[in-house]
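# Secondary and tertiary structure notes
Letter by letter, the chains look like this.
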Amino acid sequence: MKDHVDTALAEPKPSRAVDQSWTIQVDSLDAFPDAFLELDQDGRISAWNSRAEFTFGWPRADAIGKRFCELIVSPEQQDVCEKAFRDLLQPKAASSPNRRAEIMGQHRDGHAIPIELSLFLTCRAGTGYLGVFARDMSWHKHAEEGAEKRLHDLINQLGEEYFETDLRGNYVFANTRLGEYYHVQSGAELSGKNFRAFFSPEDIQMLKQGFHEVYLTGERRRQEFSIVLNGRLIYVEHTVSLKRDSSGNPVGFMVLSRDCTERKLAQMELAKAIEAAEAASKAKSEFLANMSHEIRTPLNGVVGTLELARDTEMTPDQRELLDMASASARGLLAVINDILDFSKIEAGKLEFECIEFELREVVAEALRSLAIRAHEKGLELAYDVAREVPRFLLGDPARLKQVLLNLVGNAIKFTQAGEVLVRVDLPEAVSGPNCVRIRFSVSDTGIGIQSEKQGLIFDAFSQADSSTTRRFGGTGLGLAISQRLVNLMGGEIEVESEPGQGSTFRFSAKFQAGTGAAENEVAAAKVQIRGLRVLIVDDNATNRRILERLLASWDMLPLSAGSGREALEIMQRAAASDTPFDMILTDCRMPEMDGFQLVDQIRNSAHLPPVSIMMLTSDDYHSSASRCREMGIGQYLIKPVKQSELLSALCGLLNAQTGPEEIASLKPPRREQVRTPPLKILLAEDNRVNQRLAVRMLEKLGHRVVIAGNGREALARLDEHEFDLAFMDVQMPDMDGLSAAAAIREKERGGLKHLPIVALTAHAMSGDRQFCLAAGMDDYLPKPIDSKQLEQVIARVIAAHPACLPHPLAEVTIPCGVP
Ligand code: ADP
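Residues numbered from 1 in each chain as written. Predicted model: local features only at pLDDT ≥ 70, side-chain atom pairs only at ≥ 80, totals over all residues. Heavy atoms only, no water.

Our focus in this paragraph is the sheet that holds strand 6 (residues 161-166). Ordered by their spatial adjacency, 5 strands build an open sheet running 7-6-10-9-8, and the pairing between neighbours is antiparallel. The two strands at the open ends of the sheet, each matched to only one other strand, are strand 7 (171-174) and strand 8 (221-229). Neighbour-to-neighbour, the strand axes of this sheet turn through a mean angle of 25°, independent of strand direction. Note that strand 9 (residues 232-244) and strand 10 (residues 250-259) share 9 bridges and pair antiparallel. Along strand 10, the bridge assignment pairs Arg244 with Pro250. Together, strand 6, strand 8, strand 9 and strand 10 form the strand contacts of helix 9 (residues 201-217), whose direction differs from that of strand 8 by roughly 155°. (Pairing = 2+ DSSP bridges. Helix = DSSP H or I, 4+ residues; strand = E, 2+ residues; numbered from the N terminus. Axes fitted to C-alpha atoms, helices over the stretch in contact; angles between N-to-C directions. Contact = heavy atoms within 4.5 Å.)

If you want it as structure tokens, here you go:
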């Protein structure tokens, strides 16, 4: 200290901090409440007031002339004290009004006294001195310690573990709870130990990281980790905050520690339960898909064989037997569909549509399909829809019809005489704006149901009287399915019945109110354009694909061309085979030959019949529009085209009176009139019976078929011959249909022509279609195969893929046969 004091005091002119006029009257210093002393340049005491005598126990006579640090400061604190003096006398501290330091001094009798020093420089008789006020802080310290003790007592009462550490992580305080937790006698036992001692190296890393972040950000942080304590795995949650001293400097960490083992275990149990439930649901769906496949495959054989056999010559007896077998097979299919439906509902996989429909139409259709059965039994079948029931609703008409079919079917089944009546009305409660609750009731005059059985009949596979099973037939699934469907439509189903008197089943369902207008228009428009042959001309493949799919979904027969030149070739071939196009939908801006040039060429060609043309423009609409008008192009739309716009433009084109040429060309061939040209078809199917059936059905349609027993064989056949179309069973041994389709698409990427592929699958789960399309297939036909659907899918695929057309069969001889 001496050097620094010397430096500070030895200046020839005292610094600004030194008051020249200040002279110490030692006697007057006795009046100060704090100890005051003055030190000369050697740090020796030159003034000592009576309070200093009292505080430190040294009489003035004994104190004067002694070095302050040696007399008052305990030996171990002397360095600290010297440093404090040095720091206070630093030039940078000179401007600070508070030159203060806290040191631990000692009384003459040896007891320690915490003192706070305030220093200032004085000048007396031309010599510099250091004035020191020394305040005894014992009372403050006691008060502080008392407060801390009370706080710690309080913390000890906490139901949670709490500890404090220094910046190195050594415990400075741990509450009793933490002591108990770590099985030590008291929290104090932990003092000095590093809290990391209880953790694994990985946890220590994580904890250090967390503490470090708290230190850097000063923000509270939560950490969760596990430790093994006395052989037991426990989960702990720490809330760590920074501990600061009175000047705000970080001095350690405060940690609230919580045992969250119970919560953690409960969470893990829950996660496991969810995982198990998901696995069970997945297994159920897979089982469902497999069951659907396994049952439908042989059933496909039965239904198809019976259908083919009915077309052969046979005696009336044989025909009757065959009809019975056919009815049974279809009945079996209905049962399987019921089981699948039920499982789908249970697995939460049933999807509901939301489309606009005409309620009276749905009710009428449901009854119409059951009318023959009712009339055969001599039953009156009637329906009454209250006038206030809205005509158009938004919802799933197919599911509503399914419920009605079941209830009315049951009513007819369990009624020998009398009538079956369906009523539809609006209950008073309207659920909300735009939402209508409709009430349906199906009453019969049949056998009725005993009251104790009425609650059971909605359970799956249960019937009111098991003896009726044989008499009336049925699985006991219909009402269970109906109840779930009704619930999914936001309603309830109930029964009121009297044995011998008849039954009334009532249910309600929620729908949104429909406008009707749009639906009517759309339906009418779709009827108008159905079956029309359209050529799409666009250089952009994605646009072509989108338009093809859209038009095909409206039952039109679209073909595509990637350029004006290709369009002209296709049109010429179509005209030559007497299947000219009804409409051309051409893009305006295309390389080489643009839309307008194409129209010119079509108009000027001697070989092409007149045709209606629609232009799709993507650039300056106004100039294109006026050019279209000048050229007499019937309709023009700006891209991207909205579905509704396209539909009404197509109808507009159809009805347009743009000129005698166009009108003359509007002879829409109806769908059923369109004959698919004979095709070379590859059939990949592993099941023998189904092979034979499909071959027979395809041959009946005039096509020739080559069979492959699995995907690998199909690829081999494709290497040997060119085909117009492939039917691909999805599930086959060795290589399945999805892999084969993907392999074919991969090969085509090398420049080969696109082979249209139709998936044949016994899977009836929703999503299968997407799987097939995602694998590169073009369409999808569920089994059992129906010959009408087969014909339709071929027409659809051919229309969508002109590549099928250019192979006259005569050119190639195909080995065709059924093993
Ligand atoms: P299923 O008719 O296939 O057996 P449902 O679930 O449709 O299955 O019906 C369950 C049972 O409820 C029937 O077996 C029959 O006992 C009883 N039931 C249903 N509707 C009527 C009805 N209209 N009259 C008398 N009993 C009925």
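It is a general feature of regular strands that their side chains alternate between the two faces of the sheet. The buried count for strand 24 (residues 704-708) comes to 4 of 5 residues, which makes it a mostly enclosed element. A crossover connection joins strand 23 (residues 680-684) to the parallel strand 24 through helix 24 (residues 688-700); in handedness this β-α-β unit is right-handed. (Buried < 20%, exposed > 50% of the residue type's maximum accessible area, 1.4 Å probe, protein only. Right-handed = clockwise from strand over helix to strand, strands pointing away.)

At a minimum axis separation of 10 Å, helix 19 (residues 564-576) and helix 20 (residues 595-604) run at an interaxial angle of 25°. Classified by the angle their axes make, helix 19 and helix 20 are roughly parallel. Regarding helix 19 and helix 20, the two cross each other, and that crossing is right-handed. Here helix 19 contributes Gly564, Ala567, Leu568 and Met571 to the contact with helix 20, which in turn contributes Leu598, Gln601 and Ile602. Residues that form the contact of helix 19 with helix 20 fall into these classes: 5 nonpolar, 2 polar and no charged. (Parallel < 35°, antiparallel > 145°, perpendicular 65-115°, else oblique. Left-handed = near helix turned anticlockwise from the far one by under 90°. Nonpolar A, V, L, I, M, F, W, Y, C, P; charged D, E, K, R; others polar.)

Mapped onto the elements, Tyr780 comes out in strand 27 (residues 779-782). In this structure Tyr780 comes out as buried when scored by relative accessible area, which is 12%. Counting along the chain gives 13 residues from Tyr780 to Val793, while the straight-line C-alpha distance between them is 7.9 Å.

The subject of this paragraph is the packing of aromatic side chains. Between two aromatic rings, the relevant description is the distance of the centres plus the angle of the planes. Using the criterion set out here, one finds 8 aromatic pairs in the structure. Judged by centre distance (5.1 Å) and plane angle (70°), the rings of Phe163 and Tyr171 are edge-to-face. Comparing Phe163 with Tyr171, the two get one shared label, buried. Ring centres 4.7 Å apart and planes at 10° place the aromatic pair Phe440 and Phe507 in the stacked group. Pair noted here: Phe440 is in strand 15 (residues 435-444) and Phe507 is in strand 17 (residues 502-513), with a separation of 67 residues, a long-range link. The exposure classification of Phe440 matches that of Phe507, with both residues buried. If you follow Arg533 out to its NZ or CZ, it ends over the ring of Phe581, 5.1 Å from the centre. (Phe/Tyr/Trp six-rings, centres within 6.5 Å; stacked < 30°, edge-to-face > 60°. Lys NZ or Arg CZ within 6 Å of the ring centre and 35° of its normal.)

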